[in-house]
There are 2 protein chains.
Amino acid sequence: MRVVILGSAAGGGLPQWNCRCPICAMARSEPDRVRPRTQSSIAVSANETDWLLINASPDIRQQLFDNPQMHPQEGLRHSPIRSVLLTNGDVDHVAGLLTLREGQPYTLYATRGILDSVNANRVFDVMAEGVVARQAVAMDRRFEPLPGLSVTLFPVPGKVPLWLEDETMEIGAETETTVGALIEANGRRLAYIPGCARVTDGLRDRIAGVDALLFDGTVLHDDDMIRVGVGTKTGWRMGHVPMRGANGSIDALAGTAIGRRVFVHINNTNPVLVEGSPERADVEAAGWTVGHDGLSLAL
Amino acid sequence: MRVVILGSAAGGGLPQWNCRCPICAMARSEPDRVRPRTQSSIAVSANETDWLLINASPDIRQQLFDNPQMHPQEGLRHSPIRSVLLTNGDVDHVAGLLTLREGQPYTLYATRGILDSVNANRVFDVMAEGVVARQAVAMDRRFEPLPGLSVTLFPVPGKVPLWLEDETMEIGAETETTVGALIEANGRRLAYIPGCARVTDGLRDRIAGVDALLFDGTVLHDDDMIRVGVGTKTGWRMGHVPMRGANGSIDALAGTAIGRRVFVHINNTNPVLVEGSPERADVEAAGWTVGHDGLSLAL
């Protein structure tokens, strides 16, 4: 199985269009010190020819251009991307669907809840009926988005997308709105969980023994954004467990058997993004890789 | 007045994600011969500090990154983009609104018709109420999206966006769905018309005497896409007048007083995109510039 991280940043990307925090500023002026990153997406393949795209980021056009394996390979119109899967309905995971048009057939998979929230927006009709099939998939039911590659979705603690938030919203609920994906091919297993509000016993059981885990690296501490002064939201409020601190993911997953641990969906305020920083050294010493665009794993 | 072309390509960009037509293939392998181009958008300023963005393309994040004048200039959160204007509701002009979020205040201007079609999609609620004001503007009424810079919208022959097409659609109608913009600042005048199905007498009268015209360069001939074999749609069917051929824009505008003539919104199938091609030479000999990303005009 091959996994390519197309985009390793959280919503907004790095740099974020309107952000001048120290990390965004460095991403513009010192790209060797803070590598620019596009928004959250990966591609997975069992044969390096046909690919499953998981999450369609606003930066998808640039991401496909930057990765020659994702270029069309034959005829006048073609894409190696045969299927697309969404793990939630956040803008950083669905806006790219507006680019995946132009008469290219593929199947879009998501839970009923996520699919309904997309379908309610007519602008997504650029994915024309009869060209793009929209397929609802149940939790805990293995399906094959590509021959030889299977996926099982499972709920993780999360929340509804920002654009669907209202006063009834519950943070940390395990519903259809935020899911993890267990991907299996050629006897290898990958867990992909770009958004997760809390590490639970159930989650640890799900992922025990995987060859690789790509996990929510939005914030280092719950109050990253408040420390930097760019916002008032905690990681928890945004539906993201911190790497460090009380209930941090690094400690919570330390005892679980996992082959390779990689953080993805990293927010521009997270100091692990700075090459050579003590925070980067700390998470690496704990056995984690800080994901970057183009990082490719052979499992 | 300063005008910067942020994106000079039509919907899909150059290369388009799933296209291997000769021009898209060259954009990937021979960027000196076919310069890659992002999707349709310009920025206009009267003082080079505050900018009006006209059309928000899916590539907006990359466009703002590539143009240092569009970077945030002060404080922790900032953008030189103070106002945004839409000339139609096509995905290549509205998808970028999903990126212009993150609590950044600005005013979004469009006709009532265009604004209603955007508002009907809840996903655009990422432009939070109370942060982004959505302002409907009437045709033929001058308004000031920035101090010292005024805009007048006027209808041009067009059609509804692809995602709103139905059996009642009329091509070439002059309605609120496709507009041109006449922009004035410091005594200079710019006409911006990225989509137009036909050059009419009314249109010629509108733009006579402008210092610059940025005009719909989607197709060279009405049947560009059919010639290349990538589709069955004519320029007319897509709502775009060709540069050449019967009723082509070059001849139709030849007798109109216009300071600088620049084609924008150029589709990936248009042979004028090839540097040194006879088609490029032909339109240049006729007094037109083939727009490219980053082209900056001081009027």
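Criteria and cut-off values
Residues numbered from 1 in each chain as written. Chains lettered and ligands numbered in written order. Predicted model: local features only at pLDDT ≥ 70, side-chain atom pairs only at ≥ 80, totals over all residues. Helix = DSSP H or I, 4+ residues; strand = E, 2+ residues; numbered from the N terminus. Buried ≥ 20, exposed ≤ 12 C-beta atoms within 10 Å, placed from the backbone. Contact = placed C-beta atoms within 7 Å. Core = buried A, V, L, I, M, F, W, Y, C linked by C-beta atoms within 7 Å. Pairing = 2+ DSSP bridges. Axes fitted to C-alpha atoms, helices over the stretch in contact; angles between N-to-C directions. Nonpolar A, V, L, I, M, F, W, Y, C, P; charged D, E, K, R; others polar. Right-handed = clockwise from strand over helix to strand, strands pointing away. Least-squares fit on C-alpha atoms with pLDDT ≥ 70 in both. pLDDT = per-residue confidence, 0-100.

(A) A look at the overall build of chain A. When its secondary structure is counted, chain A shows nine helices and 14 strands. For chain A, the C-alpha atoms occupy an extent of roughly 50 × 40 × 40 Å along the three principal directions. Residues counted as buried form 55% of the 299 residues belonging to chain A. Sequence-distant contacts in chain A: of pairs separated by 6 or more residues, those separated by 24 or more amount to 70%.

(B) A look at the nonpolar core. Membership of the largest hydrophobic core comes to 178 residues, with the highest contact counts inside it found for A:Ile42, A:Val44, B:Ile42 and B:Val44. Sequence-distant contacts of B:Val44, defined by excluding residues within four places in its chain, comprise B:Met1, B:Val3, B:Trp51, B:Leu52, B:Ile54, B:Leu149, B:Ile183 and B:Leu190.

(C) The environment of A:Gln39, seen in detail. Residues and elements named next belong to chain A. One can find glutamine 39 in the loop between helix 1 (22-29) and strand 2 (41-45). Sequence separation between glutamine 39 and arginine 244 is 205 residues, and the spatial gap between their C-alpha atoms is 22 Å. Those residues in contact with glutamine 39 that lie beyond four places of it in its chain are Gly7, Ala9, Gly11, Gly13, Ser57, Pro58, Asp59 and Asp92.

(D) Representation of the sheet that holds strand 13 (residues 288-290) of chain A in the model. Residues and elements named next belong to chain A. On the basis of which strands lie adjacent, the open sheet formed by seven strands has the order 7-8-9-10-11-12-13 and mixed pairing. Unpaired on one side and paired on the other, strand 7 (143-146) and strand 13 mark the two borders of the sheet. Pairs of neighbouring strands in the sheet enclose a mean axial angle of 30 degrees, with direction left out of account. Bridging between strand 12 (residues 258-264) and strand 13 involves three bridges; their strand directions are parallel. By the bridge assignment for strand 13, arginine 261 is matched with tryptophan 288.

(E) Geometry of the interface of chain A and chain B. Listed as interface residues are 39 residues of chain A and, on the opposing side, 39 residues of chain B. Among the elements that make up the side of chain A that touches chain B, the one with the highest residue count is helix 2 (residues 60-66) of chain A (four residues). Within the side of chain A that touches chain B, the residues separate by chemical class into 18 nonpolar, 13 polar and eight charged.

(F) Spotlight on the pairing of strand 6 (residues 132-136) of chain B. All names here are of chain B. One ladder, built from five bridges, connects strand 5 (residues 106-110) with strand 6; its direction is parallel. The partner of tyrosine 106 across the bridge, within strand 6, is valine 132. The parallel pair strand 5 and strand 6, bridged by helix 4 (residues 112-119), forms a crossover whose chirality is right-handed.

(G) Spotlight on the relation of the copies chain A and chain B. Superposition record for chain A on chain B: RMSD 0.0 Å, screw rotation 180 degrees, translation along axis 0.0 Å. Put plainly, the chains are arranged around a two-fold axis. Residue A:Asn121 of chain A places its C-alpha closer to the rotation axis than any other residue of that unit, at 2.4 Å.

(H) Spatial organisation of the confidence of the model for chain A. Overall, the prediction assigns chain A a mean pLDDT of 96, with 100% of residues at 70 or greater. Under the prediction, the complex receives an ipTM of 0.96, its pTM being 0.96.

(I) Region of the structure containing the sheet that holds strand 5 (residues 106-110) of chain A. All names here are of chain A. Pairing is mixed in the open sheet, where seven strands are placed in the order 6-5-4-3-2-1-14. Two strands bound the open sheet, and with one partner strand each, they are strand 6 (132-136) and strand 14 (296-298). Shown here is a sheet whose adjacent strand axes are inclined to one another by a mean of 20 degrees, direction ignored. Where strand 3 (residues 51-54) lies against strand 4 (residues 81-85), four bridges are found, and the strand directions are parallel. Bridged to leucine 53 within strand 4 is valine 84. Across the face of the sheet, helix 4 (residues 112-119) comes into contact with strand 5 and strand 6 while running at roughly 140 degrees to strand 6.

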